[in-house]
Amino acid sequence: MKLKDDARFSTICIHAGQEPDPATGAIITPIYQTSTYVQDGLGRPHAGFEYGRTQNPTRMALERNIAAIEAGTEAFAFASGMAAIDTLLTRLEAGDHVLVSDNTYGGTFRLFERVRRKFGLDFTYVDTSRPELIEPALRPNTQYLFIETPTNPMLHITDIQCASNLAHKHNVKVVVDNTFASPYIQRPLTLGADIVLHSTTKFLNGHSDSVGGIVILKHQDDVDWMKFVQNAAGAILGPMDSWLILRGTKTLTVRMERTNENAQVIAEFLEAHPKVKRAIYPGLASHPHHRLARKQMKGFGGLISFDVGSLENAKTFLERVRLMALAESLGGVETLISHPAIMTHASVPKERRAMLGITDGLIRISVGIEDVEDLQADLEQALSAL
Ligand SMILES: *Cc1c(COP(=O)(O)O)cnc(C)c1O
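Computed from a predicted structure; not experimentally measured. (Residues numbered from 1 in each chain as written. Predicted model: local features only at pLDDT ≥ 70, side-chain atom pairs only at ≥ 80, totals over all residues. Heavy atoms only, no water.)

**Section: the site of the ligand**
So, point 1. Taken together, 14 residues surround the ligand, and among them Gly 81, Asp 177, Ser 199, Thr 201 and Lys 202 come closest.
So, point 2. The separation between an oxygen atom of the ligand and a polar main-chain atom of Met 82 is 2.9 Å.
So, point 3. Asp 177 is positioned such that a nitrogen or oxygen atom in its side chain is 2.7 Å from a nitrogen atom of the ligand.
So, point 4. Protein chains shield 92% of the accessible area of the ligand, which is 380 Å² for the free molecule.
So, point 5. Class assignment of the residues belonging to the shell around the ligand gives a composition of 5 nonpolar, 6 polar and 3 charged. (Near = heavy atom within 4 Å. Polar contact = N/O pair within 3.5 Å; in protein donor to acceptor, adjacent residues only side chain to side chain. Areas by Shrake-Rupley, 256 points an atom, 1.4 Å probe, with all protein chains shown as cover. Nonpolar A, V, L, I, M, F, W, Y, C, P; charged D, E, K, R; others polar.)

Pasting the structure below:
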């Protein structure tokens, strides 16, 4: 089952990194739920497996699989998306600076500001969807340009290729948090980025039954460091979760195709609805970065934000939806709905939320792969209460 070099995307998703189990021929990589491996004799060479933190065959299959999906050299899986981001920061030293997309994931902002700043790292934030703002914000000590595109929940789009060119002029490495798009929609390493990361909790796993993170690297010096620190710091992903995500990536293409289709229908429905003040979706012609999204993305993803005008309207609406579940997270087969100001972005100070456009009437949907007519009917009945 050796993949040819010109294998296409879905074939890579289903097959890359996985061989039939050598002991039994099992087509699916087993869950190697073991903490250690028996060695043949003292000082004798072993089969490459010593201890469960250092090596696990299920985790390593997942890492090979996602490295191939993102067109990277190697990947390293962690216990959560945040653990992946935090481990990436260990590549830096006190005194280093990271330039970050403003409107970044709330947990990332919290990690940077409340944990890592204490250790001498400096972070500043800029709207990276405006490339003219990037170069002036770089400093002599900037090591990473940390991009999220689309952003959460305003869905701003950054031109990854353009941002990478600008950063590389100054020897700054480009990190892309690709969680919101998924590699079906965009593969940042092919657009010039140096490092990609995911919360696998979202589209890669896709079934809302696992929390995990992964970092995909291009350069050998980054690979060597991450391999070392994954073991040294030890925030590894367990075998059961690795197995679940491996199962998830097999259906990434069909899930994302349906997600894209459903979200486009829902976004157009919301934009036309009289009770909706504003709908934000990169697939709408009204979206400020629609043209860039068409060029950079394959489809426009599953996230839609819309404004119902006030906190009171948002509360009424969220209590009325029946099919859509009120929950944080995204990227699962079921549609989730959330209120950024009170839920995902509660850790972002109010003035900063206002600056970013995260109003009290803003609602975010992660569109699932249900029948779109049922989703639309649910929205219609909930909006009719406003
Ligand atoms: C969820 C998420 C994270 C954090 O991942 P966890 O798996 O929850 O730790 C980071 N970035 C983005 C864009 C996310 O959506």
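**Structural notes on the pairing of strand S5 (residues 173-177)**
So, point 1. With 4 of 5 residues buried, S5 is to be regarded as a mostly interior element.
So, point 2. The pairing of strand S4 (residues 142-148) with S5 spans 5 bridges and is classified as parallel. Note that in S5 the partner of Tyr 144 across the bridge is Lys 173.
So, point 3. Between the parallel elements S4 and S5, the chain passes through helix H6 (residues 160-169) in a crossover that is right-handed.
So, point 4. Direction of pairing for S5 relative to strand S6 (residues 195-199): parallel, over a ladder of 3 bridges. Across the sheet, Asp 177 pairs through a bridge with Leu 197, a residue of S6. (Buried < 20%, exposed > 50% of the residue type's maximum accessible area, 1.4 Å probe, protein only. Helix = DSSP H or I, 4+ residues; strand = E, 2+ residues; numbered from the N terminus. Pairing = 2+ DSSP bridges. Right-handed = clockwise from strand over helix to strand, strands pointing away.)

**Structural notes on the domain arrangement of the protein chain**
Where interface size is quoted, it is often the accessible area lost as the parts come together.
So, point 1. Assigned domains of the protein chain: these are domain 1 (9-250) and domain 2 (252-383).
So, point 2. Here the C-alpha centre of domain 2 lies 26 Å away from the C-alpha centre of domain 1.
So, point 3. Between domain 1 and domain 2, the contact holds 42 residues from the first and 44 residues from the second.
So, point 4. When domain 1 packs against domain 2, the two sides together hide about 3,400 Å² of surface, and 63% of this comes from carbon and sulfur.
So, point 5. Linking domain 1 to domain 2 there are 1 salt bridge.
So, point 6. Between Lys 295 and Asp 159 there is a salt bridge, with its nearest N and O atoms 3.6 Å apart. (Domains from an automatic or database assignment. Contact = heavy atoms within 4.5 Å. Buried area = accessible area lost by both parts, 1.4 Å probe. Salt bridge = Lys/Arg side-chain N within 4 Å of Asp/Glu carboxyl O.)

**Considering the pattern of salt bridges**
So, point 1. Counting across every chain of the model gives 16 salt bridges.
So, point 2. Note that Asp 221 is salt-bridged to Lys 173, the shortest N-O span being 3.5 Å. With Asp 221 in helix H7 (residues 220-233) and Lys 173 in strand S5, the pair connects residues that are 48 residues apart, well separated along the chain.
So, point 3. Where salt bridges share partners, they join Arg 91, Lys 173, Asp 221 and Asp 222 into one cluster.

**Description of the packing of aromatic side chains**
So, point 1. In total, this model carries 8 aromatic pairs according to the counting rule given.
So, point 2. Look at Tyr 281 and Phe 300: their rings are 6.3 Å apart centre to centre, the planes differ by 75°, and that puts the pair in the edge-to-face class. Here Tyr 281 is found in the loop between strand S8 (278-280) and helix H10 (290-296), whereas its partner Phe 300 is found in the loop between H10 and strand S9 (303-307), with 19 residues between them in sequence.
So, point 3. Assessed through its relative accessible area of 16%, Phe 300 is described here as buried.
So, point 4. Of the aromatic side chains, those joined through ring pairs into one cluster are Phe 112, Phe 123 and Phe 146.
So, point 5. Across from the ring centre of Phe 119, 4.8 Å away, lies the NZ or CZ of Arg 116, which sits over that ring.
So, point 6. Positioned above the aromatic ring of Tyr 125 is the side chain of Arg 352, whose terminal nitrogen or guanidinium carbon lies 5.0 Å from the ring centre. (Phe/Tyr/Trp six-rings, centres within 6.5 Å; stacked < 30°, edge-to-face > 60°. Lys NZ or Arg CZ within 6 Å of the ring centre and 35° of its normal.)

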